[in-house]
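Here are the chains, one letter per residue:
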Amino acid sequence: QVQLVESGGGLVQAGGSLRLSCAASGRTFSMYAMGWFRQAPGKEREFVAAISGSGGSTYYADSVKGRFTISRDNAKNTVYLQMNSLKPEDTAVYCCNADPLMRTFYSRSYSPNWGQGTQVTVSS
């Protein structure tokens, strides 16, 4: 099993930036692709971004392309989500997941495991 702890959320004005972190346990972190997901009240959970185990490939939801960047530091067992040009519609709880195959995260049937997550609130 992989244990994940999200952090870095907070309150920010529209147009501002935040960087989320997801710290993972285990000695095989680099073998897992990582993905970020979010859910706002009254909304369905949605895929945000994914990155391959090596960091060589990334994939983004259309709603965040050009604004968000996913990255990872395998030496620190951590994946990041740099969020720029934030909009009120980005307000949600964000969580991260791990899977051997990156494409699993944006397949139609994927349902992410939900932990505590970290709250992001964007004011206008």
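Before reading further, recall that the structure is shown in the block above.
Residues numbered from 1 in each chain as written. Predicted model: local features only at pLDDT ≥ 70, side-chain atom pairs only at ≥ 80, totals over all residues. Heavy atoms only, no water.

A. Main features of the sheet that holds strand 8 (residues 78–83). The sheet built from four strands is open, its strands ordered 1-3-8-7 with antiparallel pairing. Each having just a single partner strand, strand 1 (4–7) and strand 7 (68–73) make up the two edges of the open sheet. Strand-to-strand twist in this sheet, taken as the mean axis angle between neighbours without regard to direction, amounts to 15 degrees. Relative to strand 3 (residues 18–24), strand 1 runs antiparallel, the two being bridged by four bridges. For V5, the partnering residue across the bridge sits in strand 3 and is A23. (Pairing = 2+ DSSP bridges. Helix = DSSP H or I, 4+ residues; strand = E, 2+ residues; numbered from the N terminus. Axes fitted to C-alpha atoms, helices over the stretch in contact; angles between N-to-C directions.)

B. Structural view of the pattern of salt bridges. The final tally for this structure, using the stated rule, is four salt bridges. One salt bridge in this structure joins K65 and D62, with 3.0 Å as the shortest N-O distance. Relative accessible area serves as the criterion here: at 48%, K65 is assigned to the partly exposed category. Take D62: its relative accessible area is 65%, and that puts it in the exposed class. Salt bridges here are not isolated pairs; linked through shared partners, they connect R38, E46, R67 and D90. (Salt bridge = Lys/Arg side-chain N within 4 Å of Asp/Glu carboxyl O. Buried < 20%, exposed > 50% of the residue type's maximum accessible area, 1.4 Å probe, protein only.)

C. Spatial organisation of the packing of aromatic side chains. For the coordinates displayed, the defined rule picks out seven aromatic pairs. Ring geometry for F37 against F105: centres 5.8 Å apart, planes inclined by 70 degrees, an arrangement best described as edge-to-face. Of this pair, F37 sits in strand 4 (residues 33–39) while F105 sits in the loop between strand 9 (92–99) and strand 10 (118–123), and the two are 68 residues apart along the sequence. Ring centres 6.0 Å apart and planes at 35 degrees place the aromatic pair F47 and Y59 in the tilted group. Taken together, the positions of F47 in strand 5 (residues 46–51) and Y59 in strand 6 (residues 58–60) put the pair twelve residues apart, joining distant regions of the chain. A connected cluster of aromatic rings, assembled from ring pairs, spans F37, F47, Y59, F105, Y106 and Y110. (Phe/Tyr/Trp six-rings, centres within 6.5 Å; stacked < 30°, edge-to-face > 60°.)

D. A look at the environment of Y60. With respect to the helices and strands, Y60 occurs in strand 6. The residues touching Y60, leaving out its near neighbours within four places in the chain, are F47, V48, A49, K65, F68, T69 and I70. For Y60, the side chain forms a polar contact with the main-chain nitrogen of I70, separated by 2.9 Å. (Contact = heavy atoms within 4.5 Å. Polar contact = N/O pair within 3.5 Å; in protein donor to acceptor, adjacent residues only side chain to side chain.)

E. The environment of D73, seen in detail. Positionally, D73 belongs in strand 7. Counting along the chain gives 19 residues from D73 to S54, while the straight-line C-alpha distance between them is 9.3 Å. In this structure, D73 is in contact with F29, T78 and Y80, ignoring residues within four places of it in sequence.

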